[in-house]
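Inside the fold
Spelled out from the first residue to the last, the chains are:
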Amino acid sequence: MFERLPFRSQEEALAKGGTMLAQRKHNGWTVTLYALNNSFVELWSGEMVQVYSTFKKSANAVAILEPYADVIDVKDVFDLW
């Protein structure tokens, strides 16, 4: 459902109900991982653009969290569920 919202509504949904979990750099992007409604959302921020990406419900949580392994305590993430 989140992915079908207009960009501004996505921003509002994350501001109201999202929990920032971690942040990393990738190829000039700042990637911020959020938990929202028992799912994960990434915000990719570049110099002049921001893009939200979501994961399929069937996505493996460990695989989603792996790029953040050096900056996140996975146990804390699963405590949110």
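Refer to the structure printed above.
The structure reproduced in this document is the subject of the present report. Values in this document were obtained by computation on a predicted structure and should not be read as measured data.

Regarding the pairing of strand 1 (residues 19-26)
- Looking at chain direction, strand 1 and strand 2 (residues 29-36) are connected through seven bridges and run antiparallel. By the bridge assignment, His26 is partnered in strand 2 with Trp29.
- Between strand 1 and strand 2, which pair antiparallel and follow one another directly, the connecting turn spans two residues, one of which, Asn27, has a positive phi of 50 degrees.

Regarding the pattern of salt bridges
- Going through the model one piece at a time under the given rule, you end up with two salt bridges.
- In this structure, Arg8 engages Glu11 in a salt bridge whose closest nitrogen and oxygen atoms are separated by 3.7 Å. Remark: Glu11 and Arg8 occur in helix 1 (residues 7-17); sequence separation between them is three residues, near one turn of the helix.
- Assessed through its relative accessible area of 57%, Arg8 is described here as exposed.
- Between Arg24 and Glu42 there is a salt bridge; the shortest N-O distance is 3.3 Å. Of this pair, Arg24 sits in strand 1 while Glu42 is found in strand 3 (residues 39-45), placing the two residues 18 residues apart along the sequence.
- On the accessibility criterion, Arg24 (18% relative accessible area) is buried.

So, how was this worked out
The residue numbers shown here count from 1 along each chain, following its written sequence. Note on the predicted model: pLDDT of at least 70 is required for a residue's local features to be given, and 80 or more for side-chain atom pairs to be given and counted; whole-chain, interface and lining totals, by contrast, use all residues. Processing note: side-chain calculations cover all non-hydrogen atoms of the structure and skip hydrogens and water entirely. One bridge is not enough; two strands pair if DSSP finds at least two bridges between them. A run of H or I in DSSP becomes a helix once it reaches four residues, and a run of E becomes a strand once it reaches two; helices and strands are each numbered from the N terminus. Salt-bridge detection follows one rule: a side-chain nitrogen of Lys or Arg within 4 Å of a carboxyl oxygen of Asp or Glu. The buried label goes to any residue with under 20% of its type's maximum accessible area, the exposed label to any with over 50%, and the partly exposed label to all in between, with areas taken from a 1.4 Å probe on protein chains only.

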